[in-house]
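So you can see what is in the structure, the chains are spelled out below.
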Amino acid sequence: MMKSPVYGLLLLLALILPPAANLLESIMITHMHMQMPLLVISGLFMAKFFQNRFPGFFSKWNENGVPGLLLFSIIMVYWSLPRTMDEALTLTSVEVFKFISLPFLAGVPLRDSWPKLSSFWKHALIIFFTILFLALGWLYIWSPVQLCNNYLVIEQITLGWGFISTAFAMVVYLIYSYFMDFSKYE
Amino acid sequence: METVIKQSGKTQVFKDKANKVMGISLEDAKLTKSYLSVAFLAILLGGILGLLQGLNRAGMLELPAWLNYYQVLTAHGLLLVVVLSAFFTIGYFYAGLSHTLGGLLPKVRKMAWIGFWMKVFGFVLAVIPILMNEASVMYTFYPPMAASPVFYIGLVFIVLGVWMCAFGSFINVASWRKKNPGQHIPILSFFATGVFVLLFFGSIPVAIEVFTIIPWAFGWVETINVMVARTLFWAFGHTLVNIWYLTAVSAWYVIVPKVIGGRRWNDLLTRIVVIALVIMNITGGFHHQIIDPGISEPVKYMHVFMSLAIGFPSLMTAYAMFAVFERTARKKGGRGLVGWYKKLPWGDVRFLAPFIAMAAFIPAGAGGIVQSTNQLNQVVHNTMWIVGHFHLTLGMSVVMTFFGLSYWLIPYVSKRVLTPQINKLGVIQTIIWTLGMIIMSGAMHWVGLLGSPRRTSYSTYFDNATALSWDPYLFFLAIGGTLLMIGVLMQVYAVFYLMFFAPKGNTEFPIAEVEEDEAPTPRWTERWGLWVVCMIVLVGMAYVIPLVDFIVNAPPGSPPYKTW
């Protein structure tokens, strides 16, 4: 019954395939808002394997879920920088790091942390990313210069609006969970 | 493990009983009767205009000088696509909300009435310029063709009226949930919630479009971005199509199994179909724009996937429906691989009409998939094929379901009963309508493949041989249209007879139960806020790339055109 890690690995391998990687990386917004989240999702799927294999490690180092959350956030913030995207396209070592860090250092810890976190931390994470996405959206849309060597300004603006619309969806979610008391319906 | 909750509690049982004994409250009944009356008056007027149009398009009837083809086309489209569908959907679901949630809240009823009059007012405003030939822009009212500003102001009121009804339903459902903790929203109200979520979110883009058109139509701004307006229109236009469809689907899942004396399909899967249709629908608008210039090929390619994804829940529905039919017929002693079909109540219009509607969705859905495919779309896009397609989907799958519903819904709200004579009339009406639509829509599909254009009045193009070769098919269009007109008259007669003259009595609101041994439905299906967030994310995925492109790389805008 360990199917999900296999699916996760297959997803990761599919994303590594040069035609798939090239296609997704050819457009700025699909690079950041499709390839990168898919890499994290592959990690979410594979997490069970590591949790079963190294239960001691996770209980010792990620007891209350906060360290995993922190690691996830650091990796995600790192990959939100225009410069890192550029480097991933120019330096093979950084590209390799992308395919390792997003699944294993972001996806796996997130899966391990999420059930351990209190609703305060869960909401804090969403609020943090909402603010980050609004800021990045602002940066990418209104930056007077081209931020990436590899992508045109129009792609940069598109990515900026992608950030804003994702932030909007997260705001809707936050409002929804703020006003809805699920215990009333259960 | 997902926590699960019981299907029904004491409160629900009590309300069900109260509803069964007393029927719908008079005030709620009046609301639904008013909505349905407008819907069927719209079909009467729209049908007459449709016949005029069909005869004119076949070259068999000259319209008087004061009435042109495009005027008739606009009014026909608006009456049937906006008025009929919106009023029927709202009337039907408000009766459903009233029945399954133990009556409408007074506040909600008031909202629905305000919505009713806003829509009627908006519609009157929109019709005046159409009658004056100032708004012959057709149902697809996007630029560069510009109507009189009054037309668009009328549309704003229609949208606001729809929003009133959407929020009314949300308030009623939320209040019910608070009073019935731990219970699932009754299935018909679940469908209603899905439909109203789509109505609200689907009409946001068209509201934005209309607000950018109004200053342009007044001449306050000189030009408009055509691609943005078209995209906003189709985000709404496609969603509207699926709102009627989801309304029909609700009847297929919930009502029809009860009519045939069976039980409904798996509750969880039914709810997943609703959720999937709600999440994925709005982005389908792009497949109406496959041949639009200005959208890059990769984006169109992505949208082929997004559109075909919508087909998946429909395939689930097709499977579910036939499974329910077979299961019910076998319980009644049906035998053989397909011999069980004999056990279905073919003489009951409440089953026959929705059944033919479902069967029609097989070619209609297949045609939809054809049109979502880039290359095939190039062949048929601006031809009569498309007109044939939406007469099959709206005119058969949806409208015949609505007709089938009317034979119990109207007696239910007017506290009367369906008589055997009217049932017989309904069966004959169903047969006439089916023949009419097959002939008309079939001819439209075929002549479309031969190149006959849509949105174009009759012309032989200076007696060009190809254009003349379309004529025989266009005759079929006229024959089908005439049969449909007979169908309209019979249907409208049945509706008003059942509303005002049929014998008094109690008619049941038929809602099928789930199978007894079914596993309880998991609680996550109730998290509507999450589905809305998923929908927003998907809409973002679909629209951010092209819209930024249209706006940042905008070509010079278009001034308003009056082509008629």
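Residues numbered from 1 in each chain as written. Chains lettered and ligands numbered in written order. Predicted model: local features only at pLDDT ≥ 70, side-chain atom pairs only at ≥ 80, totals over all residues. Heavy atoms only, no water.

## Details of the overall build of chain A
Working step 1: If you tally the helices and strands in chain A, you get nine helices and zero strands.
Working step 2: Seen in sequence order, chain A has helices and strands lined up from the N terminus as α-α-α-α-α-α-α-α-α.
Working step 3: Taken against the 2.2 N^0.38 rule, which gives 16 Å for 186 residues, the C-alpha radius of gyration of chain A at 17 Å falls within 12% of a compact globule.
Working step 4: Across the 186 residues of chain A, 45% fall into the buried class. (Helix = DSSP H or I, 4+ residues; strand = E, 2+ residues; numbered from the N terminus. Rg over C-alpha atoms; globule rule 2.2 N^0.38 Å. Buried < 20%, exposed > 50% of the residue type's maximum accessible area, 1.4 Å probe, protein only.)

## Side note on the overall build of chain B
Working step 1: Along chain B, the regular secondary structure elements total 16 helices and zero strands.
Working step 2: Taken over C-alpha atoms, the radius of gyration comes to 23 Å for chain B, in line with the 24 Å a tight globule of 564 residues would show.
Working step 3: Seen through its principal axes, chain B has C-alpha atoms that stretch 70 × 50 × 45 Å.
Working step 4: A separation of at least 24 residues holds for 86% of the contacts in chain B among residues at least 6 apart in sequence.
Working step 5: Put simply, chain B shows about 22100 Å² of open surface, and 71% of that area lies on carbon and sulfur atoms.
Working step 6: Once the 38 positive and 23 negative side-chain charges of chain B are each reduced to a mean point, those two points are 11 Å apart. (Contact = heavy atoms within 4.5 Å. Areas by Shrake-Rupley, 256 points an atom, 1.4 Å probe, with all protein chains shown as cover. Lys, Arg positive; Asp, Glu negative; His and termini not counted. Charge placed at Lys NZ, Arg CZ, Asp CG, Glu CD.)

## Some thoughts on the nonpolar core
Generally speaking, soluble globular proteins have nonpolar side chains that are buried together.
Residues and elements named next belong to chain B.
Working step 1: Membership of the largest hydrophobic core comes to 239 residues, with the highest contact counts inside it found for Tyr94, Phe151, Tyr152, Trp252 and Phe325.
Working step 2: The biggest single contributor to this core is helix H7 (residues 226-259), with 21 residues.
Working step 3: The contacts of Tyr152, once residues within four sequence positions are left out, are Phe141, Met145, Ala146, Ala147, Val210, Ile213, Ile214 and Ala217. (Core = buried A, V, L, I, M, F, W, Y, C linked by side-chain atoms within 4.5 Å.)

## Observations regarding the UniProt feature "domain: Cytochrome oxidase subunit I profile" (unreviewed entry) in chain B
Working step 1: Those residues carrying the UniProt feature "domain: Cytochrome oxidase subunit I profile" (unreviewed entry) are residues 35-497 of chain B in this numbering.
Working step 2: Along residues 35-497 of chain B the backbone is 76% helical and 0% strand, and the end-to-end C-alpha distance reaches 16 Å. (UniProt positions renumbered as here; feature names shortened; annotations may be inferred.)

## Section: empty space enclosed by the protein
Residues and elements named next belong to chain B.
Working step 1: On inspection of all chains with the given rule, the structure shows three cavities of 30 Å³ or more.
Working step 2: Within this model, the largest cavity holds a volume of roughly 50 Å³.
Working step 3: The wall of the largest cavity is formed by Arg57, Ser452, Pro453, Thr456, Ser457, Tyr458, Ser459, Tyr461, Ala467, Trp470, Asp471 and Leu474. (1 Å grid on protein atoms, 1.4 Å probe; cavity = no way out; pocket = protein on both sides within 12 Å on 5 of 7 lines; lining within 4 Å. Points joined across faces, edges and corners; volume = space filled by probe spheres on them.)

## Things to note about helix H1 (residues 3-16) of chain A
Working step 1: In this model H1(A) runs 20 Å from its N-terminal to its C-terminal C-alpha over 14 residues, within 8% of the 20 Å that 1.5 Å per residue would give.
Working step 2: Residues of H1(A) that are buried in the fold lie against helix H2 (18-26), helix H3 (28-53) and helix H7 (92-113) of chain A. (Expected span 1.5 Å × (residues − 1).)

## Some remarks on the interface of chain A and chain B
Working step 1: Taken together, the contact between chain A and chain B spans 18 residues of the former and 22 residues of the latter.
Working step 2: Of the roughly 1800 Å² buried between chain A and chain B on both sides combined, carbon and sulfur atoms contribute 76%.
Working step 3: At the junction of chain A and chain B, the tally comes to zero salt bridges.
Working step 4: For the pair chain A and chain B, the number of links is one residue pair in polar contact (both at pLDDT 80 or more).
Working step 5: Elements with a contribution of two residues or more to the side of chain A that touches chain B: H3 and helix H9 (153-179) of chain A.
Working step 6: The greatest single-element share of the side of chain A that touches chain B, amounting to 11 residues, is contributed by H9(A). (Buried area = accessible area lost by both parts, 1.4 Å probe. Salt bridge = Lys/Arg side-chain N within 4 Å of Asp/Glu carboxyl O. Polar contact = N/O pair within 3.5 Å; in protein donor to acceptor, adjacent residues only side chain to side chain.)

## Brief notes about the packing of helix H9 (residues 297-331) of chain B against helix H10 (residues 349-372) of chain B
Residue and element names in this part refer to chain B.
Working step 1: For the pair H9 and H10, the least separation of the axes is 11 Å and the interaxial angle reads 155°. The angle between H9 and H10 falls in the class roughly antiparallel. Here H9 runs over H10; the crossing is left-handed. Side by side, H9 and H10 meet where Val304, Ser307, Leu308, Ser314, Met321, Phe322 and Phe325 of the first sit next to Phe351, Phe355, Met358, Phe361, Ile369 and Ser372 of the second.
Working step 2: Looking at the contact of H9 with H10, its residues break down into 10 nonpolar, three polar and no charged. (Axes fitted to C-alpha atoms, helices over the stretch in contact; angles between N-to-C directions. Parallel < 35°, antiparallel > 145°, perpendicular 65-115°, else oblique. Left-handed = near helix turned anticlockwise from the far one by under 90°. Nonpolar A, V, L, I, M, F, W, Y, C, P; charged D, E, K, R; others polar.)

## Describing the side chain of B:Arg109
All names here are of chain B.
Working step 1: With respect to the secondary-structure elements, Arg109 resides in helix H4 (residues 106-131).
Working step 2: On the basis of relative accessible area, Arg109 is assigned to the buried category, the value being 13%.
Working step 3: A polar side-chain atom of Arg109 sits 2.6 Å from a polar atom in the side chain of Asp28.
Working step 4: If we ignore the near neighbours within four places in the chain, the residues touching Arg109 are Glu27, Asp28, Leu31 and Leu104.

## Considerations on unusual backbone geometry
Residue and element names in this part refer to chain B.
Working step 1: Cis geometry is found at the peptide bond from Pro143 to Pro144, where omega equals 10°.
Working step 2: If you check the backbone angles, Lys415 has positive phi at about 55° while not being a glycine.
Working step 3: Of note, Lys415 is situated in the loop between helix H12 (384-414) and helix H13 (420-449).
Working step 4: A positive phi angle is found at Tyr461, which is not glycine, with a value near 50°.
Working step 5: Accessibility expressed as a relative area gives 36% for Tyr461, which makes it partly exposed.

## Some thoughts on a nonpolar patch on the surface
Working step 1: A cluster of nonpolar residues, A:Val6, A:Tyr7, A:Leu9, A:Leu10, A:Leu13 and A:Ile16, forms a patch on the protein surface that exposes about 550 Å² of accessible area.
Working step 2: Structurally, A:Ile16 is set in helix H1. (Patch = residues over 30% accessible without salt bridge, like charges linked within 9 Å, V, L, I, M, F, W, Y side chains within 5 Å.)

## Some details on the confidence of the model for chain B
Working step 1: Put simply, chain B has an average pLDDT of 91, and 96% of its residues get 70 or more.
Working step 2: The least confident element of chain B is helix H1 (residues 10-22) of chain B, whose mean pLDDT is 55; the most confident is H13(B), at 96. (pLDDT = per-residue confidence, 0-100.)

## Section: the environment of B:Trp340
Residues and elements named next belong to chain B.
Working step 1: The topology assignment puts Trp340 in the loop between H9 and H10.
Working step 2: C-alpha separation for the pair Trp340 and Ala329, spaced 11 residues apart in sequence, amounts to 5.5 Å.
Working step 3: Those residues in contact with Trp340 that lie beyond four places of it in its chain are Phe322, Phe325, Glu326, Ala329, Arg330, Gly334 and Arg335.
Working step 4: A polar contact is formed between the side chain of Trp340 and the backbone oxygen of Leu337, at a distance of 3.0 Å.

## Some details on the packing of aromatic side chains
Residues and elements named next belong to chain B.
Working step 1: In total, this model carries 68 aromatic pairs over all chains according to the counting rule given.
Working step 2: Ring geometry for Tyr142 and Phe233: centres 5.3 Å apart, planes at 80°, overall edge-to-face. Residue Tyr142 is located in the loop between H4 and helix H5 (149-179), and its partner Phe233 is located in helix H7; the two are separated by 91 residues in the primary sequence.
Working step 3: Judged by its relative accessible area of 9%, Tyr142 falls in the buried class.
Working step 4: Aromatic side chains Phe233 and Trp234 sit 4.9 Å apart centroid to centroid with 80° between the ring planes, which places their arrangement in the edge-to-face category. Considered together, Phe233 and Trp234 belong to a single accessibility category, that of buried residues.
Working step 5: Taken together, the aromatic side chains of Phe40, Phe88, Tyr92, Phe93, Tyr94, Phe196, Phe402, Phe403 and Trp433 make up a single cluster linked through ring pairs.
Working step 6: Residue placement shows Lys119 over the ring face of Phe87; its charged tip is 5.5 Å from the ring centre.
Working step 7: Between Arg230 and the ring centre of Tyr142, over which it is positioned, the NZ or CZ distance is 4.5 Å. (Phe/Tyr/Trp six-rings, centres within 6.5 Å; stacked < 30°, edge-to-face > 60°. Lys NZ or Arg CZ within 6 Å of the ring centre and 35° of its normal.)

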